[in-house]
Amino acid sequence: MDTQNTPVHLRLWHRGFWLLAFANMLLTMSVYMLIPLLGDWLKFSLGLSPWLNGFLMGIYGVGLFLLGPLCSWWVQRYRRNHICQLSILAMMLVLAAFWLMRLQSPIRVEGWQSFLPWQFGLLRLLLGATFGLAQMVLCSTLIIDVCESFQRTEANHSAAWFGRFAVALGPMTGLLLMRWSTRVPATISTWADPSLAAVVLALLAAVLIMLVPFPFRAPDDRFSRISLDRFFLTDGWLLFANLLPVTAVVGMVLATERSPMFYAMMMTGFFMALLAEKFVFADADLKSQTICGLILLFAASLLMRWPITPAAPYLAPVCLSLGVGIIGSRFLLFFIKLSHHCQRGTSQSTFFLAWETGISIGLLVGYALPAQVFQLSLVLIVAAFLLYNFITHNWYLKHKNR
């Protein structure tokens, strides 16, 4: 069913899977909708240096790795769906703290302003840790548990697409809420803050997970408390490194782009990537999908820098999401095929970490060096192309296990 050159498609009709897939989308949206809000708040309200802004936004990527080594022991020792729900609850508290911080920041309390950046950085770190744990349990364990063994590659592929659409849908929703809140009375705008909307989305994700029944599994005490299982696939280190510059380009765009229309067109590009997998790359050479994706990313960067046609503001986001969409799908399958028996969950977590770490690097660079985003994006795309074309692809063919 799952061949090397044939992408999987949305053929799953299991109710539990769809609930978990939508939970994945809502959870990802709750994180990404805060990027324009928090980034602009740091830049315009606090008056911090660009490098400090970049550090505070990018430290989220460090948090992703903090709880991962404990993930396997927790899901073996306790009810795995409860671990996911508790991590979402902790994530909701962090999101609510961002709302309270923004409410109080204009108040000139002695010592408050000097301490505020460190509070913000701690919250970004905790957001990465709680979101990372929730996603690792959700995508590497819960979604796999509700599917039959022959459907699991399909399930991983489909659930990942829900998360990709959230990369565009989240910022677009946040920007629209920011614009709407400026046109309503202050008493209403306080409650129309994207930070509170993010809390609601995370709550809805937790509710969807509660609606899915999971069989009881007896606790297994033979697992080590600290483990790479369900956390990081060491055999996929080169794929991890190759995906970082690709998603870093996306992170730089998220740090600099503030048009809701841009993100709406990104969603169009993601939809086109789904169609391209079915009709364009179904029987194409294995290498062609990633190479075409990198060429599209290169074209998107050029169009954003030099809009040579009136359609450039619409073509650039389409090329960007079309390129990263088809690359992400192919790399996800690569991670699965590199994994050994019972390492499917670990491959999912590793792909997630590579994707989000690259986004975090892009946020850091985008806020710290906004004037150099174009040049740096071209360098990253060329580096990813050279690494994949001359090293990663042949390395993968020699090391794949499925």
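S.K.: For this particular structure, what's the right way to read the packing of aromatic side chains?
M.R.: Aromatic rings considered in pairs are described by the distance between their centres and by the relative angle of their planes. For the coordinates displayed, the defined rule picks out 21 aromatic pairs. With a centroid separation of 5.8 Å and 65° between ring planes, the pair formed by Trp18 and Phe162 is classed as edge-to-face. Of this pair, Trp18 sits in helix H1 (residues 15-32) while Phe162 sits in helix H8 (residues 152-181), and the two are 144 residues apart along the sequence. Note on Trp237 and Trp395: the rings are 6.2 Å apart at their centroids and 70° apart in plane angle, and the pair reads as edge-to-face.

S.K.: What should I look at first to understand the nonpolar core in this one?
M.R.: Taken as a class, soluble globular proteins show a tendency for nonpolar side chains to be buried jointly. By size, the foremost hydrophobic cluster in this structure holds 131 residues, and its most contacted members are Phe17, Leu20, Ile88, Phe120 and Ile209. Ranked by residue count, the leading element in this core is helix H14 (residues 312-338), at 15 residues. Leaving out residues up to four positions away in the same chain, Leu20 has contacts with Leu138, Leu142, Ile143, Val146, Ile209, Val212 and Phe214.

S.K.: Just checking my understanding: could you explain H14 for this structure?
M.R.: Each α-helix winds once per 3.6 residues, and so residues spaced three or four apart point in a common direction. Here H14 is 27 residues long and its end C-alpha atoms lie 38 Å apart, about the 39 Å a rise of 1.5 Å per residue gives. Across the 27 residues of H14, 24 count as buried, placing the element largely inside the fold.

S.K.: In this structure, what is going on with unusual backbone geometry? I would like to understand it.
M.R.: Note on backbone geometry: most residues besides glycine have negative phi, and most peptide bonds are trans. The backbone of Arg230 shows a phi angle near 60°, a positive value even though the residue is not glycine. Its location among the elements puts Arg230 in the loop between helix H10 (194-210) and helix H11 (237-256).

S.K.: Just to check I follow, could you spell out the packing of H11 against helix H16 (residues 373-399) for this structure?
M.R.: In a packed pair of helices, the relevant descriptors are the angle between the two axes and the axis-to-axis distance. Running from amino to carboxyl end, H11 crosses H16 at an angle of 160°, the nearest separation of the two axes being 9 Å. Taken as axis vectors, H11 and H16 run roughly antiparallel relative to one another. Note that H11 runs across H16; the crossing there is left-handed. Of H16, the residues touching H11 (which contributes Trp237, Leu238, Leu239, Ala241, Asn242, Pro245, Val246, Ala248, Val249, Met252 and Thr256) are Val373, Leu376, Ser377, Leu380, Ile381, Ala384, Leu387, Tyr388, Ile391, Thr392 and Trp395. Looking at the contact of H11 with H16, its residues break down into 18 nonpolar, four polar and no charged.

S.K.: Could you clarify how one ought to interpret the state of the cysteines in this entry?
M.R.: A disulfide bridge is the covalent bond that connects two cysteines by way of their sulfur atoms. Summed over all chains, the structure comprises zero disulfides. Cys139 takes part in no disulfide bond, and the closest cysteine sulfur to it belongs to Cys84, at a distance of 8.6 Å. On the basis of relative accessibility, which here comes to 19%, the residue Cys139 falls in the buried class. Cysteine Cys292 is unpaired, with the sulfur of Cys319 as its nearest cysteine sulfur at 12 Å.

S.K.: Even after reading the chapter, I still don't get the packing of helix H2 (residues 34-46) against helix H6 (residues 80-104), so can you show me in this structure?
M.R.: Between H2 and H6, whose axes approach to 12 Å, the crossing angle comes to 35°. Pair H2 / H6 crosses with left-handed handedness. Listed contacts from H6 to Leu34, Leu37, Leu38 and Trp41 of H2 are Leu95, Phe98, Met101 and Arg102. Here the contact of H2 with H6 is built from residues that sort into seven nonpolar, no polar and one charged.

S.K.: Looking at this model, I keep getting lost on H10. Mind explaining?
M.R.: Here H10 contains 17 residues, and its C-alpha end-to-end distance of 24 Å stays within 8% of the 24 Å for a straight helix at 1.5 Å per residue. Among all positions in H10, only Pro194, Ser195, Leu196, Ala198, Val199, Leu201, Ala202, Ala205, Ala206, Leu208 and Ile209 are buried. For H10, the N-terminal capping position is held by Asp193, with its side-chain oxygen 2.7 Å away from the main-chain nitrogen of Ser195.

S.K.: How should the environment of Leu364 be read in this particular structure?
M.R.: Summarising the element assignment, Leu364 is placed in helix H15 (residues 344-368). Using a relative accessible area of 29% as the deciding quantity, one classes Leu364 as partly exposed. Taking the C-alpha atoms as reference points, Leu364 and Leu320, separated by 44 residues in sequence, lie 19 Å from one another. If near-sequence neighbours (up to four positions away) are discounted, Leu364 is found in contact with Trp51, Gly54, Phe55 and Gly58.

S.K.: Help me understand the pattern of salt bridges, please; the structure alone is not making it clear to me.
M.R.: Once their charged atoms are close, side chains differing in charge can pair, the charge on each being opposite to the other. Applying the stated criterion to the full structure yields four salt bridges. The salt bridge partner of Asp145 is Arg80, with a shortest N-O separation of 3.0 Å. Linking Asp145 in helix H7 (residues 112-145) with Arg80 in helix H6, this pair joins segments that are 65 residues apart in sequence. Taking relative accessible area as the criterion, Arg80 reaches 10% and is therefore assigned buried. A salt bridge links Arg230 to Asp229, with the nearest nitrogen and oxygen atoms 3.4 Å apart.

S.K.: Can you help me understand the environment of Ala255 in this one?
M.R.: Relative to the assigned elements, Ala255 resides in helix H11. The sequence separation of Ala255 and Ile359 amounts to 104 residues, and the corresponding C-alpha distance is 9.7 Å. When near neighbours in sequence (up to four residues on either side) are disregarded, Ala255 contacts Leu363, Gly366 and Tyr367.

Rules used in this analysis
- Residues numbered from 1 in each chain as written.
- Predicted model: local features only at pLDDT ≥ 70, side-chain atom pairs only at ≥ 80, totals over all residues.
- Heavy atoms only, no water.
- Phe/Tyr/Trp six-rings, centres within 6.5 Å; stacked < 30°, edge-to-face > 60°.
- Helix = DSSP H or I, 4+ residues; strand = E, 2+ residues; numbered from the N terminus.
- Core = buried A, V, L, I, M, F, W, Y, C linked by side-chain atoms within 4.5 Å.
- Buried < 20%, exposed > 50% of the residue type's maximum accessible area, 1.4 Å probe, protein only.
- Contact = heavy atoms within 4.5 Å.
- Expected span 1.5 Å × (residues − 1).
- Axes fitted to C-alpha atoms, helices over the stretch in contact; angles between N-to-C directions.
- Parallel < 35°, antiparallel > 145°, perpendicular 65-115°, else oblique.
- Left-handed = near helix turned anticlockwise from the far one by under 90°.
- Nonpolar A, V, L, I, M, F, W, Y, C, P; charged D, E, K, R; others polar.
- Disulfide = S-S within 2.5 Å.
- Polar contact = N/O pair within 3.5 Å; in protein donor to acceptor, adjacent residues only side chain to side chain.
- Salt bridge = Lys/Arg side-chain N within 4 Å of Asp/Glu carboxyl O.

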